[in-house]
Amino acid sequence: MSRPEDILPPDLFYDDNESRKYTTSSRIRSIQASMTNRALELLDLQEPSMILDLGCGSGLSGEILSDVPEDEGGPHVWVGMDVSASMLGQALERDVEGDMLLADIGQGVPFRPGTFDAAISISAIQWLCNAETSDVTPEARLKLFFDGLYQSLKRGGKAVCQFYPKNTAQRTMISQAAIKAGFGAGILEDDPDTKSVKLYLVLSVGGGDVTGAVQGMDGVDVMDARRQDRKRGRDVKSKKGSKAWIMNKKAQMEAKGKIVKSDSKYTGRKRKIAF
Amino acid sequence: MKVLTLNFLTCARKTCKQNPAAFPLHPKEAELEQIETDINPLFIQNMLPRLDWEAMKTVTNELGLPNLPLETPTAEALVDESSGEPSQTLKDLHSLLMETSVASGKLVCANCGHEYAVKEGIANFLLPSHMV
């Protein structure tokens, strides 16, 4: 499957033609709508709120935000940011209600602290893992983005970012960057182990537990990586150099996103004495 | 670009972030337009404590809009006591925050002097990489 992220930078990839195709395709529209509704469910907003839409594109997700009925806490007011001028042009043609900025989310979020109640982002932040010029790095762009997002949200605010990571390395790079910025983070995986797997990065300002976001939802298993870590710390320390110690170190490195050799029957085994 | 959004936008440059002069951005050669929308009393009530009223006064003054009251209106002033209907204050706030918008012009940072162009209601916040 080809990834648009590997072809061109977003502002060039989504030209007039591609933006129109994207916005008019009924398949993309229905996928986008279901993901936006899922994100709204995770945000669990009770009152009309100010929402930041990161990578708003042609406003497919924004439309849904403005259309939330009154008894479900809407309608919300949103401000969108996108790097593709053609996509924003499509949004203008479709006459969406939110304000939009032509801006690169990898350059920060230009709002004063505590502006937004919540933020959503549908299929956008994986673009931050690409550096298009030699004077920027993905890590620096992710840092600017998450730092800016953290500031612009009010305390107790939440953000839900649906994204398509290319591999596990990208997935950990993004979630680690969010945690470094101070967010309490968790990843919700819909339809795991299928081709249409959807990842939602759930972030909360003020850190702490984000598992509350999925409380009361059907069919969601919570796997808490933090709690496992803590339990491991309480165990009696294994002897340095032992097999258990090596496995522990490898797991730690893998959690950090480092490349780790896969385990085999030789892992941590003593060498034969040659003489 | 609604007046509401103008009350939250700051300069995008990292060096300006800490400087108080980077907020609010000053509109220049702005063309305004009025777009009618449905009134949403609860939203305005939620936004009231978050508004920077000093910045509101500066910006409306620069846009040539009528002068605002000296203080932020209180939440009680939004509802007509006798009828429970939206009061005139709320209607005025709604028309200013949600319906008045900058269609084109420039937004200028008072700290670094960078001008952000606004066209068809969309502000261009893209920065060349040496300015981030």
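Every value quoted in this text rests on a predicted model; they were computed, and no experiment measured them. (Residues numbered from 1 in each chain as written. Chains lettered and ligands numbered in written order. Predicted model: local features only at pLDDT ≥ 70, side-chain atom pairs only at ≥ 80, totals over all residues. Heavy atoms only, no water.)

## Comments concerning the overall build of chain A
When helices and strands are counted, chain A shows nine helices and seven strands. Oriented by its inertia axes, the alpha-carbon framework of chain A measures out at about 80 × 40 × 35 Å. Here chain A holds 275 residues, and 47% of them are scored as buried. Excluding contacts between residues fewer than 6 apart, the proportion of contacts in chain A whose partners are at least 24 apart in sequence is 70%. With an accessible surface of roughly 15100 Å², chain A has 51% of that area assigned to carbon and sulfur atoms. (Helix = DSSP H or I, 4+ residues; strand = E, 2+ residues; numbered from the N terminus. Buried < 20%, exposed > 50% of the residue type's maximum accessible area, 1.4 Å probe, protein only. Contact = heavy atoms within 4.5 Å. Areas by Shrake-Rupley, 256 points an atom, 1.4 Å probe, with all protein chains shown as cover.)

## Focus on helix 5 (residues 85-94) of chain A
Regarding helix 5 of chain A, the residues found buried are Ser86, Met87, Leu88, Gln90 and Ala91 of chain A. Structurally, helix 5 of chain A contributes buried residues whose contacts are with helix 2 (16-24), strand 2 (77-82) and strand 3 (99-102) of chain A together with strand 4 (122-124) of chain B. Downstream of helix 5 of chain A by a residue or two, Asp95 of chain A has a phi angle that is positive, lying close to 60°.

## A short note on the interface of chain B and chain A
If you look at the interface, chain B gives 32 residues, while chain A gives 30 residues. The contact between chain B and chain A buries some 2700 Å² in all, and 58% of this surface belongs to carbon and sulfur atoms. If you sort the residues of chain B by the area they bury against chain A, Phe8, Arg50 and Ile122 of chain B come out on top, with a joint share of 22%. Run the count over chain B and chain A and you get one salt bridge. For Asp117 of chain A, the salt bridge goes to Arg50 of chain B, with nearest N and O atoms at 2.7 Å. On the surface where chain B and chain A come into contact, there are 18 residue pairs in polar contact (both at pLDDT 80 or more). When contributions to the side of chain B that touches chain A are tallied by element, the ones reaching two or more residues are helix 1 (3-6), helix 2 (41-47) and strand 4 of chain B. For the side of chain B that touches chain A, the class distribution of residues is 18 nonpolar, eight polar and six charged. Relative to strand 4 of chain B, strand 3 of chain A runs parallel, the two being bridged by two bridges. Counted as the bridge partner of Leu102 of chain A is Asn124 of chain B from strand 4 of chain B. (Buried area = accessible area lost by both parts, 1.4 Å probe. Salt bridge = Lys/Arg side-chain N within 4 Å of Asp/Glu carboxyl O. Polar contact = N/O pair within 3.5 Å; in protein donor to acceptor, adjacent residues only side chain to side chain. Nonpolar A, V, L, I, M, F, W, Y, C, P; charged D, E, K, R; others polar. Pairing = 2+ DSSP bridges.)

## So, the confidence of the model for chain A
Residue and element names in this part refer to chain A. Confidence in the prediction for chain A averages 86 pLDDT; 93% of positions are at 70 or higher. For chain A, helix 8 (residues 225-234) is the element with the lowest average pLDDT, namely 51, and strand 1 (residues 50-54) is the one with the highest, namely 93. For the stretch residues 229-233, pLDDT sits under 50, and the model shows one contact to residues farther than four places along the chain or on other chains. (pLDDT = per-residue confidence, 0-100.)

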